[in-house]
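# Inside the fold
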Amino acid sequence: MLPGAFVMTELDNQLTELRARFSYEIEEAGDEQALEAVRVLFLGRSGYITALRRSIGQLPAQERPAAGRVINQAVEAMQAQLLQRERTLSARAFQEELNHRIDVTMPAPDPGEGSIHPTRRIIETVCRYFSSHGFAVVLGPEIEPEYYNFDALNIPADHPAREGFDSFWITPQLLLRPHTSPMQIRTMEQHRPPIAVVVPGRCYRRDAVDARHHFQFTQIEGLYVARDAHMGHLKGLLTGMCRELFGAQQQVRFRPSFFPFTEPSAEVDTTCPLCSGAGGTCRMCGGSGWIELGGSGMVHPNVLAKMEYDPQVYSGWAFGLGAERLAIVRYDIDDIRRLYENDPDFLQQLA
Amino acid sequence: MRVPLAWLREYVELPAEPHRVAEMLAAIGFPVDAIEERPVITGVLAGRIEELEKHPNADKLQVGRINVGNGAPLTIATAATNVAQGQTIGVATIGARLPQMTIEPRKMRGIESQGMMISADELALPGDWFENGIMQFDGDLAPGSDLIEYFRLGDAVLDVDITTNRVDAMSMIGLARELAAYQGAILRMPPLDYAVTGDGPQPIVSIETADCRRFAAQRFSELTVRGSPAWMRIRLALAGQRPINNLVDISNYVMLETGQPLHFYDDDRIVNHHLIVRDARPGERLTTLDGEEHELDPDDLVIAGEREVEGLAGLKGGRNSEVTDATRAILLESANFSGPRVRRMSARAGLRTEASTRHEKGLPLFLTGLGQQRAAHLLSAGGAIAHPVHAFGESPQPMDPIPLRIDDIRRLLGYAPSNTETIELLDRLGFAVTPHGERELLVTPPLWRRDVGAAADVIEEIARMAGYDRIEAVLPAVEPNVIESMAYERETDVAHTLCGLGYHEITTVALTGAQIGERFARAGLPLPHTPVEVMNPLSEEQRYLRFALEPACIEYFSRRHSPARVFEIGHTFYHDGREPRERSMMTFAFSAQRGADPAWRDSHFLRLKGDAEILMHRLTGRRDFSYAPAELSGAHPGKTAIMLLDGREIARLFQIDPRLQAAFDAALPMYACSADLQAIPPYAWPSYQARPKYPSTYRDLALVCDIQLPAARIERAIAASLPALCTGVHTFDEYRGPQVPEGKKSVAVRVTLQRPDATITDQEADAAVQHALAELRELGATLRT
């Protein structure tokens with residue numbers, strides 16, 4: 001036997017033993033960390049393989065390439081083994097986590113959820129609808145002079161219609177607005193047509209409080225003044241609004257009425273969503289099949305003229321809806337007072 | 001207005017079903033509040049008492065032989081005492097159905113009674129408005145007539161809502177006219193004719209005021225005061241008017257029928273048959289029909305005789321010339337008074353009558369004649385001698401024609417009937433229409449319509465008659481406009497941010513009683529603002545407008561034992577000494593369990609501040625807020641801060657003063673943040689700042705300084721001393737106690753350092769800290785050793 005052959009055999013033996021130990025060690029390694037330690041021990045910069053490579057230097061020069069190849073083959077095999085083991089371990093680790101089973105029906109901890117008041121939800125829905133049709137949303141003061149509340153709206157002192165506005169007076173000239181219509185005047189004073197606004201706001205009337213009435217309520221005013229504004233637009237938008245609030249089947253009905261600041265004037269009704277207009281013994285609509293939403297009409301030419309808008313050129317319409325009324329219907333609330341009592345259960349249910 | 005359908009049908013053909021009539025009325029602008037169905041009554045006939053004798057076996061009973069038309073007379077016993085031979089009465093025959101019972105044959109003390117003589121109650125009429133006992137009918141009523149059919153007593157009564165502009169429709173004829181026009185039917189006017197056979201002295205009316213535009217006066221003599229015929233009493237009762245006697249009833253009947261209020265003076269009490277319409281004189285007094293004595297105001301409009309005041313115009317007559325059983329002649333007044341004037345008198349006298357509710361809406365002059373003629377007809381028919389009528393003041397004149405541009409119909413309604421239809425619809429309502437050129441109509445309203453004065457009014461009439469359902473729902477193409485929604489959007493942002501932070505929105509009433517003031521007083525605290533007071537509150541609980549939102553939050557918390565979080569957005573009001581002021585406010589607040597914090601720290605307050613910063617960042621897009629301690633009534637003096645942006649207040653944060661909390665009987669400490677929404681600057685869009693790509697480092701400094709030195713001062717000083725390197729200073733801990741000298745505290749600050757052009761070295765960072773420390777020494781802050 002040649003001395004070289006002996007050396008090669010010796011190298012083979014050493015590699016065989018090393019690989020046997022390596023196989024044993026990686027099987028022993030129970031996690032990725034232990035596996036890494038094995039890698040460092042055998043394949044690391046100062047591991048066994050490196051030591052073996054160094055020993056090649058003692059071989060005759062012509063045998064060194066073969067020895068190198070033998071070692072490289074071994075390293076490749078070991079690395080493959082290592083990768084294999086790594087995959088096994090990682091799969092085992094995932095498997096362990098994936099074996100977790102929880103009871104998804106356990107209750108969530110209290111997240112400390114807040115809530116938006118139902119009246120605001122109604123206002124937001126209505127305003128969003130009108131915004132999407134090009135309307136701005138404006139707000140106004142609750143204490144208003146007589147002028148904005150009445151005179152400018154074609155309701156002079158001694159007008160019988162003032163009786164319909166039993167108001168809280170602050171001074172002989174100032175009162176808590178009994179409707180949001182003063183904002184029609186303020187808006188028309190500040191802007192020129194086209195005007196398209198909705199005005200949600202608090203109003204006050206000296207009404208005795210019961211399940212359907214409150215001395216404090218929220219109106220949503222609408223005003224549209226342009227060269228071509230007509231009652232069909234009013235009906236169209238109110239129908240759209242009702243469909244947004246109550247569903248695609250809603251219809252809107254106009255009935256003639258009287259408001260000093262609109263002419264022609266109309267009461268607005270919508271199909272009762274509770275009985276779908278069937279009426280009968282429906283507790284929501286009292287059997288009529290319709291829900292009264294509020295008043296509306298074409299802005300009175302006297303009002304337009306007072307704002308120095310030529311009624312021959314511009315026309316406009318306005319409406320005033322009760323937000324609480326819409327909330328009562330939308331949420332099926334039995335008593336308007338609940339909207340001011342802030343019972344936590346009420347707020348949470350409707351949040 | 002109560003409208004018996006039986007009465008209404010006299011003037012216009014109507015569907016049988018009451019609800020269909022109600023629907024028609026609603027469709028033309030007269031919604032029906034209620035349909036009062038009448039009870040089903042059958043088998044009640046008119047009967048004439050042929051004979052009447054005492055019951056042989058009972059002192060208190062009488063037995064009558066009653067002619068009820070066909071067949072033999074019925075034998076009926078009665079306990080009533082107002083019966084007599086020859087009377088026409090109502091008989092409930094065997095099998096008759098009455099509201100309370102069904103009539104069966106029965107023996108009354110041995111005599112078979114074949115029915116029952118009835119009172120008004122049995123016809124479901126208010127019994128105390130009619131005879132005490134058996135109801136009396138008129139002699140011309142044929143025995144055997146079915147009373148329910150004859151008087152249409154089964155027909156429903158509608159409660160009709162009449163808008164204030166339509167005083168012309170506040171009557172049977174007025175509503176019938178509307179229904180006739182809507183259906184294209186004929187209006188049947190009641191008879192108005194009468195013969196003038198008297199020629200007594202002329203009445204004279206002196207009108208000394210512009211507030212009486214017309215006064216028709218007429219004398220009637222040879223009167224006998226007695227009960228009215230049954231048909232009139234029944235109609236009045238169904239309409240809600242109590243029958244009194246033939247004179248009073250005619251004046252009420254004509255008012256309900258035509259809409260024109262009348263007054264009858266006892267002519268013998270009117271000196272020289274002379275009436276004067278004038279302002280009341282200072283010191284004058286009047287006792288009205290109801291016995292009330294009124295001290296008159298010069299703004300009262302009175303009808304006076306030559307000696308004394310005889311009545312308040314359009315409101316109520318005086319006792320002096322009241323019609324009594326002894327009245328033999330009357331002076332009829334059918335007059336037109338100023339609506340506003342009557343309204344003011346009514347308010348001053350605290351008195352409202354059927355007459356004044358009509359007068360105050362401004363009656364058409366036309367009605368004075370109609371009312372006078374109808375009353376004259378009824379009085380004459382009742383046997384009175386009519387003397388010539390004398391009318392004073394203006395005569396009703398048609399208005400100038402209203403020019404109606406045909407295009408305007410479509411312009412306002414979105415659709416237009418054909419010209420032919422338009423003219424037809426207006427004609428039915430009594431409007432005279434003349435074409436004026438191709439594109440215009442001249443429209444003259446009828447004399448009874450004072451509410452139609454402009455083209456828009458005429459267009460409403462067209463729409464009403466054509467049907468509002470013909471207005472088609474279409475969507476407008478709204479042109480862009482410049483009006484901003486900022487204030488509303490801000491409220492929405494506040495609400496949604498606070499909702500996200502776990503607060504519940506509440507809505508409380510803005511009118512409160514004295515209790516808020518009392519709570520502050522009980523806590524020994526002054527009110528932060530002078531509240532605005534309502535002049536005419538509904539009750540003492542609603543006398544004041546809220547000056548802040550916090551009290552309602554405190555009340556909310558005081559009602560529950562566990563911690564809660566709420567917010568409210570709304571207006572608040574205060575009096576600035578000259579005038580009421582109004583602000584649009586937001587308050588969020590929470591109640592919390594008392595924590596374990598030492599006296600110099602409050603983690604609840606810091607939570608409040610954190611929430612305030614999230615909210616204000618959302619609203620303004622900025623984070624560079626600063627804070628100043630403050631003292632406010634109702635706030636804890638050591639736990640109050642004004643939150644500032646650019647040196648201006650944007651919010652107030654505080655713990656509710658524990659004394660106020662106790663005064664509200666609230667158990668838990670409470671914290672609140674309030675802001676005037678208009679004081680918060682608009683949202684500023686941030687610009688992106690690219691960060692230096694070189695890594696930063698930081699140094700934590702434990703500093704010892706005076707207790708009074710605010711952490712913010714230290715942070716500012718450090719940042720200011722290292723303008724080029726310092727990219728952040730954050731205080732993360734505070735300590736007071738034995739580890740530091742008396743009067744001192746320790747503050748831990750992390751200073752972040754970074755170079756824009758290179759990685760900062762440890763040496764540079766250390767040098768920067770030394771530089772900052774040198775600056776801090778001037779504030780009395782030194783590195784803790």
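Residues numbered from 1 in each chain as written. Chains lettered and ligands numbered in written order. Predicted model: local features only at pLDDT ≥ 70, side-chain atom pairs only at ≥ 80, totals over all residues.

To continue, consider the overall build of chain A. Per the secondary structure count, chain A includes twelve helices and nine strands. The C-alpha atoms of chain A give a radius of gyration of 42 Å, which is well past the 20 Å a tight globule of 351 residues would have. Oriented by its inertia axes, the alpha-carbon framework of chain A measures out at about 135 × 45 × 40 Å. Looking at chain A as a whole, 44% of its 351 residues are labelled buried. Long-range pairs, those at least 24 residues apart, make up 64% of the contacts in chain A between residues at least 6 apart in sequence. (Helix = DSSP H or I, 4+ residues; strand = E, 2+ residues; numbered from the N terminus. Rg over C-alpha atoms; globule rule 2.2 N^0.38 Å. Buried ≥ 20, exposed ≤ 12 C-beta atoms within 10 Å, placed from the backbone. Contact = placed C-beta atoms within 7 Å.)

Within chain B, the secondary structure is distributed over 19 helices and 38 strands. A compact globule built from 785 residues would reach a C-alpha radius of gyration of about 28 Å, whereas chain B, at 42 Å, exceeds it by more than 25%. Along the three orthogonal principal directions, the C-alpha set of chain B runs to about 130 × 80 × 55 Å. Of all 785 residues assigned to chain B, the portion counted as buried reaches 43%. Sequence separation of at least 24 residues holds for 70% of the intrachain contacts in chain B that already meet a minimum separation of 6.

The partner chain A presents 65 residues to the 70 residues of chain B that form the contact. For the side of chain B that touches chain A, the secondary-structure elements that each account for two or more residues are α2 (18-27), α7 (339-349), α10 (406-413), α12 (455-466), α13 (486-500), β26 (504-505), β29 (565-575) and β30 (580-591) of chain B. A total of eight residues in the side of chain B that touches chain A trace back to one element, the largest contributor, which is α13 of chain B. Residue classes in the side of chain B that touches chain A are distributed as 40 nonpolar, 18 polar and twelve charged. (Nonpolar A, V, L, I, M, F, W, Y, C, P; charged D, E, K, R; others polar.)

Turning our attention to the packing of helix α5 (residues 118-132) of chain A against helix α10 (residues 323-331) of chain A. Residue and element names in this part refer to chain A. One can describe the packing of α5 onto α10 by two numbers: an axis separation of 9 Å at closest approach and a directional angle of 100°. Relative to α10, the element α5 is oriented roughly perpendicular. For the pair formed by α5 and α10, the contact residues are P118, T119, I122 and I123 on the first element and A323, E324, L326, A327, R330 and Y331 on the second. Tallied by class, residues from the contact of α5 with α10 come to seven nonpolar, one polar and two charged. (Axes fitted to C-alpha atoms, helices over the stretch in contact; angles between N-to-C directions. Parallel < 35°, antiparallel > 145°, perpendicular 65-115°, else oblique.)

Attention now moves to the environment of A774 of chain B. Residues and elements named next belong to chain B. Looking at where A774 falls in the secondary structure, it is placed in helix α19 (residues 762-777). Note on A774: 10 C-beta atoms within 10 Å, which makes it exposed. Taking the C-alpha atoms as reference points, A774 and Y488, separated by 286 residues in sequence, lie 50 Å from one another.

A word on the packing of helix α3 (residues 48-56) of chain A against helix α4 (residues 64-98) of chain A. Packed helix pairs are characterised by how far apart their axes lie and by the angle those axes make with each other. Residues and elements named next belong to chain A. Interhelical geometry of α3 versus α4 gives an angle of 170° and a closest axis separation of 10 Å. Put simply, α3 runs roughly antiparallel to α4. For the pair α3 and α4, the contacting residues are I49, L52, R53 and I56 in the first and R64, A67, G68, I71 and V75 in the second. Of the residues belonging to the contact of α3 with α4, the class tally is six nonpolar, one polar and two charged.

Before going further, it helps to spend a moment on the sheet that holds strand β38 (residues 782-783) of chain B. Sheets are built from strands that pair by backbone hydrogen bonding, the pairs being arranged parallel or antiparallel. Residue and element names in this part refer to chain B. With respect to topology, four strands assemble into an open sheet ordered β36-β37-β35-β38, the strand pairing being antiparallel. The sheet is open, and its two edges are formed by β36 (726-735) and β38, each paired on a single side. Bridging between strand β35 (residues 697-706) and strand β37 (residues 744-753) involves ten bridges; their strand directions are antiparallel. Pairing of A702 across the sheet is with A748, part of β37. Each of β35, β36 and β37 touches helix α18 (residues 711-721); the most contacted strand, β36, lies at about 150° to it. Across the sheet, α19 touches β35, β37 and β38, and the angle it forms with β35 is around 20°. (Pairing = 2+ DSSP bridges.)

Moving on to the environment of L25 of chain B. All names here are of chain B. Counting through the fold element by element, L25 comes out in helix α2. For the pair formed by L25 and L175, sequence separation is 150 residues and the distance between their alpha carbons is 8.4 Å. Beyond its immediate sequence surroundings of up to four residues, L25 is in contact with F30, V32 and V160.

Glancing now at the nonpolar core. By size, the foremost hydrophobic cluster in this structure holds 203 residues, and its most contacted members are V225 of chain A together with V91, A313 and I330 of chain B. When near neighbours in sequence (up to four residues on either side) are disregarded, V225 of chain A contacts M188, P193, P194, I195, V299, Y309, Y314 and G316 of chain A. The next biggest cluster of nonpolar side chains, apart from the first, holds 65 residues, and it includes C203 of chain A together with F547, A589 and A672 of chain B. (Core = buried A, V, L, I, M, F, W, Y, C linked by C-beta atoms within 7 Å.)

With that settled, the discussion passes to the environment of F573 of chain B. Tracing the backbone through its elements, the reader meets F573 of chain B in strand β29. By the C-beta count within 10 Å, which is 24 here, F573 of chain B ends up buried. In this structure, the C-alpha to C-alpha distance between F573 of chain B and R559 of chain B, residues 14 residues apart in sequence, is 25 Å. Those residues in contact with F573 of chain B that lie beyond four places of it in its chain are I143 of chain A together with V532, L545, R546, F547, P580, R581 and E582 of chain B.

Right, let's talk about helix α8 (residues 231-246) of chain A for a bit. Residues and elements named next belong to chain A. Along its 16 residues, α8 runs 22 Å from first to last C-alpha, staying within 8% of the 22 Å computed at 1.5 Å per residue. Taken as a whole, α8 has its buried residues at M231, G232, H233, L234, K235, G236, L237, L238, M241 and C242. With its phi angle positive at about 125°, G247 sits one or two positions after the end of α8. (Expected span 1.5 Å × (residues − 1).)

For the bond running from P193 of chain A to P194 of chain A, omega is 5°, close enough to zero to count as cis. By the element assignment, P194 of chain A lies in the loop between α7 (182-190) and β4 (195-204). Cis geometry is adopted by the peptide bond preceding P264 of chain A, which originates at E263 of chain A and carries an omega value of -10°. Structurally, P264 of chain A is set in strand β7 (residues 262-271). If you check the backbone angles, E222 of chain B has positive phi at about 60° while not being a glycine. Taking the C-beta count within 10 Å as the criterion, E222 of chain B has 12 such neighbours and is therefore assigned exposed.

Residues and elements named next belong to chain A. Pairing is mixed in the open sheet, where seven strands are placed in the order β1-β4-β5-β9-β8-β7-β6. A single partner strand is all that each edge strand has here, and the edge strands are β1 (136-137) and β6 (252-259). Across seven bridges, β6 lies against β7 in antiparallel orientation. Within β7, the residue paired with S257 across the bridge is S265. α7 contacts β4, β5 (216-226) and β9 (315-322) of the sheet and is inclined by roughly 40° relative to β5.

This part takes up helix α6 (residues 246-258) of chain B. Residue and element names in this part refer to chain B. Taking 1.5 Å per residue as the helical rise, α6 with its 13 residues ought to reach 18 Å, and the 18 Å between its terminal C-alpha atoms agrees with that figure. Counting buried residues in α6 gives twelve out of 13 residues, a clear majority hidden from the surface. Restricting attention to buried positions, one finds in α6 the residues N246, L247, D249, I250, S251, N252, Y253, V254, M255, L256, E257 and T258. Buried residues in α6 make contact with α4 (172-183), α5 (230-238), β14 (263-266), β21 (330-337), α8 (354-359) and α9 (366-381). Once α6 finishes, G259 follows within two positions and takes phi at roughly 95°, a positive value.

This part takes up the pairing of strand β18 (residues 301-304) of chain B. Residues and elements named next belong to chain B. Because side chains alternate across β18, one face comprises the buried residues L301 and I303, and the other comprises V302 and A304, equally buried. Across four bridges, the pairing between strand β15 (residues 274-279) and β18 is antiparallel. Bridge pairing in β18 places D279 opposite L301. Pairing between β18 and strand β19 (residues 309-312): three bridges, direction antiparallel. The partner of V302 across the bridge, within β19, is L312.

Within chain A, residue pLDDT values average 92, and 98% of them lie at 70 or more. Looking at the elements of chain A, mean pLDDT is at its lowest for helix α1 (residues 3-28) of chain A, recorded as 81, and at its highest for β1 of chain A, recorded as 98. (pLDDT = per-residue confidence, 0-100.)

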